[in-house]
Amino acid sequence: MCSLTSLHSWLSPLIRGGKFNQVWSLFTCKPRGLIYLTDTRRFTIVKDPSSSTVEFNSRNKKYRSLERSFKRRLRAIYQRFSGGPDNTTIQGLNHVYFMEGDGIYRMDTRQGDPEPEKVLCLDSVGKGDWSLQRLRLSPSEHALAATVKTPHREEARCILVKLGDREPTHDPPQPLLTIDKVFSVEWATDDILFYSSQQKLQCHHVFRLDLTATGNRSTLVYQEQQPDVFVEVSLSRDRRLVLVNCSSKRSSEVWLIDSAKPLMEPTLVQARLPELLYHVEHSHGQLYILANTGPGQEYQVLRAPLSSPSIKHWVPVCSPGPGTAVKDMEVLQDHCVLATRDPLGLLALQVVPLSQPATTSTLQLPPWACAIETKRAGLTDSGWLEFLLSSPVHPPVLYRYSPREYRLLLQEDTEEHRTPQEYQTTRLEAPSQDGTMVPLTLFHRPMLEKLRGAPLLVHVYGAYGMDLNMDFSPDRRLLLEDGWALAYCHVRGGGERGLGWHRQGRMEGKPRGVEDLAACIQRLYDLGVSRPSLTALTARSAGAVLVGALCNLHPHLIRAVTLQAPFLDVLGTMQEPSLPLTLEERGEWGDPMSDPCQRDTIASYCPCHNITPQHYPSMLLTAYIEDNRVPVAGVHKYEERLQEAIHTHLNGHPVSESEPTPSVILDLQPGADHFGPGDFELSLTESARQLAFLHTELGLNQQKTKNSRK
């Protein structure tokens with residue numbers, strides 16, 4: 001399996017990423033927020049969530065009643081959409097595996113009415129609130145490897161369980177072996193497992209674990225020397241090759257291990273070259289390589305013999321057309337299937353017959369779809385590609401596609417989960433300051449010309465070449481049903497229009513992302529969508545850089561802001577090499593220590609270093625004490641400077657209805673890491689708090705908003 005989302009998974013510990021970027025779906029090698037919970041984490045329901053709930057302090061009592069109301073409504077909408085398809089099942093040879101809150105279960109597909117059999121109990125893992133991250137089955141389904149994680153640690157623990165055919169019992173088998181500080185795992189055979197180890201935010205080593213009758217032995221098979229390179233193991237779709245993927249933000253390198261000869265030394269595909277990014281799949285003795293060697297350094301598909309894999313043997317197979325961004329690649333037996341996005345964001349599948357690549361065909365996906373996630377193949381490849389389509393307001397729908405038959409089947413859909421036809425998805429473009437057209441996606445219920453009085457929530461990310469998260473969010477569906485308009489700005493620095501879109505918005509190009517964001521908001525106003533007094537802006541992590549810079553430059557464009565795990569002190573962080581990620585992230589932000597020009601660029605937009613006495617929008621800053629990726633000290637510094645600037649401004653300017661006194665709240669959450677609370681109840685409280693804040697600061701009346709739906 002080779003995907004652009006999995007590319008970023010190799011870099012995930014290096015990224016102060018958007019909310020889908022860091023969380024691993026249970027049975028895929030792709031990071032994403034799991035469906036129907038919040039956008040970032042699978043949650044463990046705690047018996048007494050109220051004991052660890054962090055409340056606003058006394059000065060924020062005005063939000064309390066709304067927070068309780070929104071929490072009830074959010075709980076109801078999460079329950080309403082809890083029965084849809086997801087990626088948490090995997091097909092073995094004779095069983096289907098799935099997860100419940102307390103562990104992993106399986107059902108025997110050979111039986112007519114099988115009883116679920118528990119094969120892993122989370123209580124047996126050890127003390128702590130463990131959640132499942134990945135599951136991998138050995139080739140003959142004799143064993144499974146599952147990685148589990150607690151909310152307060154970056155590193156996962158790997159649990160090995162012996163399976164085989166056995167009589168279902170009330171007690172699951174005891175773990176065969178436990179390995180700590182593991183990031184990724186893949187089976188080569190039933191008794192040989194490869195895994196990469198993780199130390200804090202770095203992953204540099206790959207080991208081979210031999211499970212023998214006389215004992216277990218781990219052997220180091222790969223060690224990365226470059227500090228900014230992250231190493232992960234994955235498996236080709238046909239299970240022929242274990243891939244050791246070594247990636248930085250500027251280059252990549254892949255090593256191959258033959259699953260039939262796992263004791264042999266890894267074979268290098270192509271040594272890393274500056275600015276060369278590539279990913280590998282395999283079929284019938286040929287490597288299919290997705291590399292940025294196409295026109296404009298965009299991705300194209302190439303082929304090379306497994307016996308001669310270096311770049312001099314790469315032969316082009318197909319290159320997507322101009323303006324088409326490749327999001328994923330799957331090789332299904334004798335076809336290559338590319339998931340692509342056009343300049344306006346519409347998704348499609350490009351199908352390439354490997355025997356006749358010139359006969360490439362394109363299958364347009366439903367226009368409402370904004371996110372696609374392919375499902376990991378089971379132990380046997382059926383030749384069908386299964387994938388989920390969703391949008392922020394449309395629950396996931398499962399599709400199956402057969403490239404041989406050129407058939408697309410709607411696998412699962414229910415009337416309850418469909419988005420009503422009166423909800424509209426409008427794709428727009430906004431001219432940025434330099435004339436570049438920036439795509440934005442708008443979700444709304446009334447027609448555009450009737451949105452002047454609608455509250456508007458604007459989303460942005462624009463970093464690391466990652467697409468803005470557009471997975472389904474029950475929170476956003478609730479706002480849509482309440483009459484809000486939801487805008488998603490696909491600014492430069494993200495990956496919506498390919499690798500070049502990212503290059504234009506990184507390092508010295510970072511200010512372009514701020515200009516793009518301002519242009520998108522202004523474009524909406526020009527079209528009659530909402531107005532500044534009814535507009536809020538939201539982002540998390542690195543997306544906060546653009547939001548904070550916009551608030552310094554154009555504070556009157558918006559009324560309120562919510563930021564989660566916000567990265568706000570770019571200059572201070574990038575000048576401190578002892579902090580996690582500073583060295584690794586110079587390819588995104590620049591190196592202010594050694595390059596004065598790059599320092600000046602960062603200083604020109606850094607939110608924390610450009611605060612000035614003026615009117616600012618209200619802000620809710622949610623930070624997490626256990627966050628190892630974004631230093632909490634930087635959030636504290638930003639909040640203190642902002643409060644001081646607002647106070648100075650208010651001393652010389654009377655408060656008016658057009659410029660009400662802004663609220664600036666730092667909601668510092670203990671016991672949570674970069675991705676927020678680790679249990680459902682705490683996350684529900686956090687989401688309700690943010691909605692209560694927005695509702696209050698925009699001056700909305702809850703009953704009035706409800707009436708607007710009627």
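Quantities reported herein were computed from a predicted structural model and do not represent experimental measurements. (Residues numbered from 1 in each chain as written. Predicted model: local features only at pLDDT ≥ 70, side-chain atom pairs only at ≥ 80, totals over all residues. Heavy atoms only, no water.)

1. Topic: the overall build of the protein
- Broken down by element type, the protein carries twelve helices and 36 strands.
- For the protein, buried positions account for 63% of its 710 residues.
- Considering only residue pairs separated by 6 or more positions, the protein has 61% of its internal contacts joining residues 24 or more positions apart.
- Surface summary for the protein: the accessible area is close to 26300 Å², and the carbon and sulfur share equals 50%. (Helix = DSSP H or I, 4+ residues; strand = E, 2+ residues; numbered from the N terminus. Buried < 20%, exposed > 50% of the residue type's maximum accessible area, 1.4 Å probe, protein only. Contact = heavy atoms within 4.5 Å. Areas by Shrake-Rupley, 256 points an atom, 1.4 Å probe, with all protein chains shown as cover.)

2. Description of the environment of Glu265
- Locating Glu265 in the fold gives a position in the loop between strand 15 (252–258) and strand 16 (267–268).
- When the C-alpha atoms of Glu265 and Trp255 are compared, they prove to be 9.5 Å apart, with ten residues separating the residues in sequence.

3. Let's talk about the confidence of the model for the protein
- Confidence in the prediction for the protein averages 86 pLDDT; 88% of positions are at 70 or higher.
- Note that residues 5–56 has pLDDT below 50 and, in this model, 215 contacts with residues that lie over four places away or in other chains. (pLDDT = per-residue confidence, 0-100.)

4. Observations concerning helix 11 (residues 680–697)
- Taking 1.5 Å per residue as the helical rise, helix 11 with its 18 residues ought to reach 26 Å, and the 26 Å between its terminal C-alpha atoms agrees with that figure.
- Burial analysis of helix 11 places 17 of its 18 residues in the buried class, which makes it a mostly covered element.
- Following helix 11 by one or two positions, Gly699 adopts a phi angle in the positive range, close to 70°. (Expected span 1.5 Å × (residues − 1).)

5. Overview of the sheet that holds strand 6 (residues 131–137)
- Ordered by their spatial adjacency, seven strands build an open sheet running 6-7-8-9-10-11-12, and the pairing between neighbours is antiparallel. Looking at which strands have only one partner, the edges of the open sheet turn out to be strand 6 and strand 12 (215–223). The sheet shows a mean angle of 35° between the axes of neighbouring strands, taken without regard to direction. (Pairing = 2+ DSSP bridges. Axes fitted to C-alpha atoms, helices over the stretch in contact; angles between N-to-C directions.)

6. Observations concerning helix 6 (residues 543–553)
- In terms of burial, helix 6 is largely enclosed, as ten of its eleven residues are buried.
- Where helix 6 is concerned, the buried positions are Gly543, Ala544, Val545, Leu546, Val547, Gly548, Ala549, Leu550, Cys551 and Asn552.

7. Section: the side chain of Ser283
- With respect to the secondary-structure elements, Ser283 resides in strand 17 (residues 278–283).
- Residue class for Ser283 comes out buried when judged on its relative accessible area of 5%.
- Of the polar contacts made by the side chain of Ser283, one reaches the backbone oxygen of Gln333; its length is 2.6 Å.
- What Ser283 contacts, discounting residues up to four positions off in sequence, is Asp238, Tyr288, Val331 and Gln333. (Polar contact = N/O pair within 3.5 Å; in protein donor to acceptor, adjacent residues only side chain to side chain.)

8. Looking at the pattern of salt bridges
- In total, this model carries 33 salt bridges according to the counting rule given.
- In this structure, Glu330 and Arg237 form a salt bridge, with 3.2 Å as the shortest nitrogen-oxygen distance. Of this pair, Glu330 sits in strand 21 (residues 325–332) while Arg237 is found in the loop between strand 13 (230–235) and strand 14 (241–247), placing the two residues 93 residues apart along the sequence. Take Glu330 and Arg237: they sit in the same class, and that class is buried. (Salt bridge = Lys/Arg side-chain N within 4 Å of Asp/Glu carboxyl O.)

9. Here we look at the nonpolar core
- If you look at the biggest cluster of nonpolar residues, it comprises 99 residues, and the most contacted ones within it are Val460, Leu486, Leu517, Leu537, Leu550, Val570 and Trp589.
- Considering each element in turn, this core owes the most residues, eight residues, to helix 5 (residues 510–526).
- Aside from chain neighbours lying at most four places away, what touches Leu517 is Val458, Val460, Cys489, Val491, Leu537, Leu546, Val547 and Leu550.
- Counting residues in each nonpolar core, the second largest holds 19 residues, with Ile90, Tyr97, Ile104 and Ile159 among its members. (Core = buried A, V, L, I, M, F, W, Y, C linked by side-chain atoms within 4.5 Å.)

10. As for the side chain of Thr147
- When you line up the elements, Thr147 lands in strand 7 (residues 143–149).
- Contacts of Thr147, omitting those with residues within four sequence positions, involve Ser131, Leu132, Gln133, Arg134, Ala156, Arg157, Cys158, Val182 and Val185.

11. Focus on the pairing of strand 29 (residues 424–431)
- Two elements, strand 29 and strand 30 (residues 437–444), share eight bridges in a ladder whose sense is antiparallel. When the bridges of strand 30 are listed, Thr425 appears paired with Phe443.
- If you look at the hairpin formed by strand 29 and strand 30, you'll find five residues sitting between the two strands, and Gly435 has a positive phi there, around 95°.

12. What about the packing of aromatic side chains?
- Under the criterion given, the structure shown has 13 aromatic pairs.
- Ring plane angle 85° and centroid distance 5.7 Å describe the contact between Phe443 and Tyr488, whose orientation is recorded as edge-to-face. Linking Phe443 in strand 30 with Tyr488 in strand 32 (residues 485–489), this pair joins segments that are 45 residues apart in sequence.
- Judged by its relative accessible area of 3%, Tyr488 is buried.
- Following the ring pairs from residue to residue traces out a cluster consisting of Tyr464, Phe567 and Trp589.
- The ring of Trp501 has Arg497 sitting right over it, with the charged end atom 5.3 Å from the ring centre. (Phe/Tyr/Trp six-rings, centres within 6.5 Å; stacked < 30°, edge-to-face > 60°. Lys NZ or Arg CZ within 6 Å of the ring centre and 35° of its normal.)

13. Topic: the sheet that holds strand 13
- Across the sheet, four strands lie side by side as 13-14-15-16; this open sheet has antiparallel pairing. This sheet does not close on itself; its edge strands, each paired only once, are strand 13 and strand 16.
- Two elements, strand 14 and strand 15, share seven bridges in a ladder whose sense is antiparallel. Across the sheet, Val244 pairs through a bridge with Trp255, a residue of strand 15.

14. Quick notes on the packing of helix 2 (residues 64–80) against helix 11
- Remark: helix 2 packs on helix 11, axes separated minimally by 8 Å, with the N-to-C direction vectors making an angle of 125°. Viewed along their axes, helix 2 and helix 11 adopt a mutual orientation that is oblique. Helix 11 is crossed by helix 2, and the crossing has right-handed handedness. Of helix 11, the residues touching helix 2 (which contributes Leu66, Glu67, Phe70, Lys71, Leu74, Arg75 and Tyr78) are Phe680, Glu681, Leu684, Thr685, Ser687, Ala688, Arg689, Leu691, Ala692, His695 and Thr696.
- For the contact of helix 2 with helix 11, the class distribution of residues is nine nonpolar, four polar and five charged. (Parallel < 35°, antiparallel > 145°, perpendicular 65-115°, else oblique. Left-handed = near helix turned anticlockwise from the far one by under 90°. Nonpolar A, V, L, I, M, F, W, Y, C, P; charged D, E, K, R; others polar.)

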